[in-house]
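Chain by chain, the residues:
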Amino acid sequence: MKTNLNSNHAALNYSHKKSSCWSIILFALFKIWKSMAILLLTGLALVLMGGLNLYLILTTNDLNKLIINFQYGVLIFTNLLVLLFILFIAIKIFAREFQDGTYLLLISKPYHKSTLFLLKLIALWISILLFLIIGLGIPLIMNLIFTAFSFNPVNCNLLTTMLIKLIIYLLVFSFLASCGILFAISFLHFQVVLLIVIIFCSLFLIGGIPYTLIFAMSDNISLKCGDNKYHVSDIKTTLLFPQMLKNNLISYPHLTTALYDFYAKKTINQLTQILVNQDDESLRLNRLMFINDQLGLTAEKHLKLTAHNVSAWKGTYNGTEINSIINTDLGAGTTTTITLNISSQYFFKSYDDLNDHNVYQHELKTLVDNYQKIVDWNTFYNLKLSTTSSLYAFDPNNNWLAVDQNSYHEQHYDPVDIFQNLFLANFVGQKSNYVANDSQFSLAIMKLFENNVFYVFKELEDNVIKKVLDYKIITTELLTVDGNWQHYVKLMHLYRELSIINVLEHWNQLWTMFLPVNKYWFAPLSNSVIDFTNQHNYLMSYQDFPLKIVNGKITSHYQFFLNAKPIIISYLTFSAVLLFLSYFIIIKRNIL
């Protein structure tokens, strides 16, 4: 019986002690949340992130701009509101208790100072979590609701991802900030700590400026590899491209990877010939076989077209200029008819013929859809006319023309040249070498060659070939060590020294390392334009690396200035040390 009484008594004591612990935590929370400053900061956080979130959903069409503009909210929320919030609640439950006598009231109860410190630390973290839930959780719920109703789901999904990552990042950031602020208020007057935090807030808002300034100067430096010159930014983009492709950060990854791997096996000379439209028949057929066999983008096509009432036609027929034959016929009062037989094993499929179940063809259809939004097809065709003929190959035995249904065939003619002349005559108003008063013939030729799938694929192919070619040149040709290179090395040395001691940039860059990105893709109408900085906010800093020379050549093995894991481990360790010192100073302090 006595044992049962003792057990019950112990249980009652434990229950009472547990209830008292919650009372102390609730008391601390009450002190925090009755403050107008705390409520004001929380309201500002909700208005800032909620309003920014709503604005980006409703008004932003460019996902790159969405990522950039979201960073302005992150700068203010993280480096101003979060730091001030942690400072105010730390002052409320740790610093001011020595002035208002609350600490004396608490230690009059049978609790060790360690317990009180721990309970108030719990209250501090509960408050931080509430702040993050209100400031970021409500916009997150807003996104989920919009997504459920299919309202701008692309923007909502990207914002949702960024908000979730921001919450996780801020939990780590808040641990460091709370430990540092607790340590500071354990031996400094809270007004001094307030001044220090405000200074840090101001500096954090411009933490990325040194990075932006130094790399703005270095990226435009021109370096010479062999006979070719490249800006530093283009060299770094070229070196990063294979890894970005491997990490699935390039749009249309299957199609782009297949092209990159295929052309990586070609020589510099072969790639150069393709880009200037001077590849030989063997190389052209090799490319078309790859496009057909692996990508499934081509099919056989056989077509017979007749042009009536021809008054001008370029070329020869049975050794005689066709225009001479036409003039003879016109002089005799007759008209000339020309028949074309067009045959190819590798004619590009149309948009409607592509198979959505084929991953390469599905990605190409998506790419065509995206081009549809930003280009006028006639303008696009006009700009690409001179660069596309290297992807045409006609069967020489079944590609012929006949004049006035003559049984003799002329096999040496180019259907692409006929299309280009007719297109320029119709679109630009240029005089054509091929004139036929036959609208049906013109429509048939235009329909045959005005294939947006072909032109978009050729644009993508040119971009990838240029990337492969640049990569081969940059990593295999000797670098000219001149004044430009020496200036670049000095700038990188300066940035490396700054990056070691720049605490503000460390945390700035931890967030941008953590930041999700919208997949990169080539800018249409501009060969090889793919920019890994087009989602950067210039007030922040990002992972970057210096170019290095091995055996006189730029090496493809690069190493970033700052690495996330060592930074996180070192700062978490430092934070834990500050927390222990704070605990030691506070519990040892004589408050009487």
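Calculation rules
- All residue numbers refer to position in the chain's written sequence, counted from 1.
- Where local features are concerned, this predicted model is filtered to residues with pLDDT of at least 70; where side-chain atom pairs are given and counted, the filter is 80 or more; whole-chain, interface and lining totals use all residues.
- As a convention, hydrogens and water are excluded, and side-chain values are obtained from all of the structure's heavy atoms.
- Helix numbering and strand numbering both begin at the N terminus, where a helix is a DSSP run of H or I of at least 4 residues and a strand a DSSP run of E of at least 2.
- The atom set for the radius of gyration is the C-alpha atoms, and the globule formula is 2.2 Å times the number of residues raised to the power 0.38.
- Residue burial is assigned from relative accessible area. The probe radius is 1.4 Å, only protein chains are included, and a residue is buried under 20% of its type maximum, exposed over 50%, and partly exposed in between.
- Residue contacts are defined here by distance: any two heavy atoms, one from each residue, within 4.5 Å place the two residues in contact.
- Here the Shrake-Rupley method, with its probe set to 1.4 Å, supplies the accessible areas, and only the displayed protein chains count as covering residues.
- The convention is simple: Lys and Arg are positive, Asp and Glu are negative, and His and the chain ends are not counted.
- For the purpose of locating charges, the reference atoms are NZ of Lys, CZ of Arg, CG of Asp and CD of Glu.
- The criterion for strand pairing is that DSSP finds at least two bridges linking the strands in question.
- Fitting a line to C-alpha atoms yields each axis, with helices limited to the stretch in contact; the angle taken between N-to-C directions then spans 0 to 180 degrees.
- Angular relationships are summarised with four words: roughly parallel below 35 degrees, roughly antiparallel beyond 145, roughly perpendicular across 65 to 115, and oblique for the angles in between.
- Helix crossings fall into two classes, left-handed where the near helix is turned counterclockwise from the far one by less than a right angle and right-handed where it is turned clockwise.
- By the convention adopted, Pro, Cys, Tyr, Trp, Phe, Met, Ile, Leu, Val and Ala count as nonpolar, Lys, Arg, Asp and Glu as charged, and the other residues, Gly among them, as polar.
- Ring pairs are drawn from Phe, Tyr and Trp, using the six-membered ring of Trp, whenever the two centres fall within 6.5 Å, and their geometry is named by plane angle: stacked under 30 degrees, edge-to-face over 60, tilted for the rest.
- The rule for a charge over a ring is simple: NZ of Lys or CZ of Arg within 6 Å of the ring centre, and within 35 degrees of the ring normal.
- A pairing counts as a salt bridge when a side-chain nitrogen of Lys or Arg comes within 4 Å of a carboxyl oxygen of Asp or Glu.
- One less than the number of residues in a helix, times 1.5 Å, gives the span that helix is expected to have.
- One fitted axis covers the seven residues ending at a residue, a second covers the seven starting there, and the bend at that residue is the angle between these axes.
- Looking at any residue, its pLDDT shows the predictor's confidence there, from 0 to 100.

1. Points about the overall build of the protein chain
Stage number 1. When helices and strands are counted, the protein chain shows 22 helices and ten strands.
Stage number 2. Relative to its length of 592 residues, the protein chain is extended, with a C-alpha radius of gyration of 35 Å against a globular reference of 25 Å.
Stage number 3. Oriented by its inertia axes, the alpha-carbon framework of the protein chain measures out at about 130 × 60 × 50 Å.
Stage number 4. The buried share among the 592 residues of the protein chain stands at 48%.
Stage number 5. Once local pairs closer than 6 in sequence are excluded, the contacts in the protein chain between residues at least 24 apart make up 81%.
Stage number 6. Surface summary for the protein chain: the accessible area is close to 28800 Å², and the carbon and sulfur share equals 60%.
Stage number 7. Charged side chains of the protein chain number 41 positive and 37 negative; the gap between the two group centres comes to 23 Å.

2. Here we look at the sheet that holds strand S7 (residues 400–403)
Stage number 1. Strand order in the open sheet made by the four strands is S7-S6-S3-S8, with antiparallel pairing throughout. In the strand order of this sheet, the two ends are held by S7 and strand S8 (435–436), each with one partner.
Stage number 2. As paired elements, strand S6 (residues 336–348) and S7 share four bridges and run antiparallel to each other. Looking at S7, one finds that Leu340 is bridged to Leu401.
Stage number 3. Here helix H13 (residues 281–295) sits on the sheet and contacts strand S3 (298–312) and S6; the angle it forms with S6, its principal contact strand, is near 65°.

3. What about the pairing of strand S2 (residues 228–231)?
Stage number 1. Taken together, the four bridges between strand S1 (residues 222–225) and S2 define a ladder with antiparallel strand orientation. Bridging across to S2, Cys225 finds its partner in Asn228.

4. Quick look at the packing of helix H11 (residues 253–263) against helix H19 (residues 452–476)
When two helices pack together, you describe them by how their axes are tilted relative to each other and by the distance separating the axes.
Stage number 1. Direction vectors running N to C along H11 and H19 enclose 50°, while the axes themselves pass 9 Å from each other. As summarised for this structure, H11 and H19 are arranged oblique, according to the angle between their axes. Note on packing geometry: the crossing formed by H11 with H19 is right-handed. Residues Leu255, Thr256, Leu259, Tyr260 and Tyr263 of H11 lie in contact with H19, whose contacting residues are Phe457, Leu460, Glu461, Val464, Ile465, Lys467, Val468, Tyr471 and Lys472.
Stage number 2. Its residues assigned to classes, the contact of H11 with H19 shows ten nonpolar, one polar and three charged.

5. Regarding the packing of aromatic side chains
Stage number 1. In the structure shown here, the tally under the stated rule is 50 aromatic pairs.
Stage number 2. Ring centres 5.6 Å apart and planes at 35° place the aromatic pair Trp485 and Tyr488 in the tilted group. One end of the pair, Trp485, and the other, Tyr488, are both in helix H20 (residues 483–501), three residues apart, so they sit about a helical turn from each other. The two residues Trp485 and Tyr488 agree in class, both being buried.
Stage number 3. Seen from the ring of Phe514, Lys165 lies directly overhead, with NZ or CZ sitting 4.9 Å from the centre.
Stage number 4. Across from the ring centre of Tyr351, 4.7 Å away, lies the NZ or CZ of Lys365, which sits over that ring.

6. Some words on the pattern of salt bridges
Stage number 1. Evaluation of the coordinates by the stated rule reveals eleven salt bridges.
Stage number 2. Between Glu459 and Lys384 there is a salt bridge; the shortest N-O distance is 2.7 Å. Separated by 75 residues along the polypeptide, Glu459 in helix H19 and Lys384 in helix H16 (residues 377–384) bring together distant segments of the chain.
Stage number 3. Overall, the relative accessible area of 1% leaves Glu459 in the buried class.
Stage number 4. Look at Lys384 and you get buried, because its relative accessible area is 7%.
Stage number 5. Two residues, Asp470 and Lys466, come together in a salt bridge whose shortest N-O distance is 3.0 Å. You can see Asp470 and its partner Lys466 sitting in helix H19, four residues apart, about one turn around the helix.

7. Some thoughts on the pairing of S3
Stage number 1. Direction of pairing for S3 relative to S6: antiparallel, over a ladder of ten bridges. Each residue of the ladder has a partner; that of Ala299, found in S6, is Phe347.
Stage number 2. Taken together, the two bridges between S3 and S8 define a ladder with antiparallel strand orientation. Bridged to Val310 within S8 is Ala436.

8. Brief notes about the environment of His409
Stage number 1. Within the secondary structure, His409 is located in the loop between S7 and helix H17 (415–427).
Stage number 2. Looking at His409, the relative accessible area reads 41%, which means it is partly exposed.
Stage number 3. In the structure, His409 is positioned eleven residues away from Asn398 in sequence and 10.0 Å away in space, judged by C-alpha atoms.
Stage number 4. Apart from residues no more than four positions distant in its own chain, His409 is found in contact with Tyr317, Asn318, Trp400, Leu401 and Ala402.

9. Considerations on H11
Stage number 1. Of all eleven residues in H11, eight are buried, a share of seventy percent or more.
Stage number 2. Taken residue by residue, H11 has Pro253, Leu255, Thr256, Ala258, Leu259, Tyr260, Phe262 and Tyr263 as its buried positions.
Stage number 3. Those residues of H11 that are buried lie in contact with helix H10 (232–246), helix H12 (268–275), H13, helix H15 (359–374) and H19.

10. Things to note about H10
Stage number 1. Given a rise of 1.5 Å per residue, 15 residues ought to cover 21 Å, and the 22 Å separating the end C-alpha atoms of H10 matches this to within 8%.
Stage number 2. The principal kink in H10, of about 35°, is found at Leu240, preceding the proline Pro242 by one to four residues.
Stage number 3. Along H10, the residues that are buried comprise Val232, Ile235, Lys236, Thr237, Thr238, Leu239, Leu240, Phe241, Met244 and Leu245.
Stage number 4. Asn248 lies just past H10 and shows a positive phi near 65°.

11. Let's talk about the confidence of the model for the protein chain
Stage number 1. Per-residue confidence for the protein chain gives a mean pLDDT of 88; residues scoring 70 or more make up 91%.
Stage number 2. Contacts of residues 8–12 to residues separated by more than four positions or lying in other chains number zero contacts, the stretch itself having pLDDT below 50.

12. Re the packing of helix H6 (residues 113–148) against helix H7 (residues 153–185)
Stage number 1. Viewed as axis vectors pointing N to C, H6 and H7 meet at an angle of 170°, and their least axial separation amounts to 10 Å. When the axes of H6 and H7 are compared, the pair comes out roughly antiparallel.
Stage number 2. Grouping the amino acids of the contact of H6 with H7 by side-chain chemistry returns 21 nonpolar, six polar and no charged.

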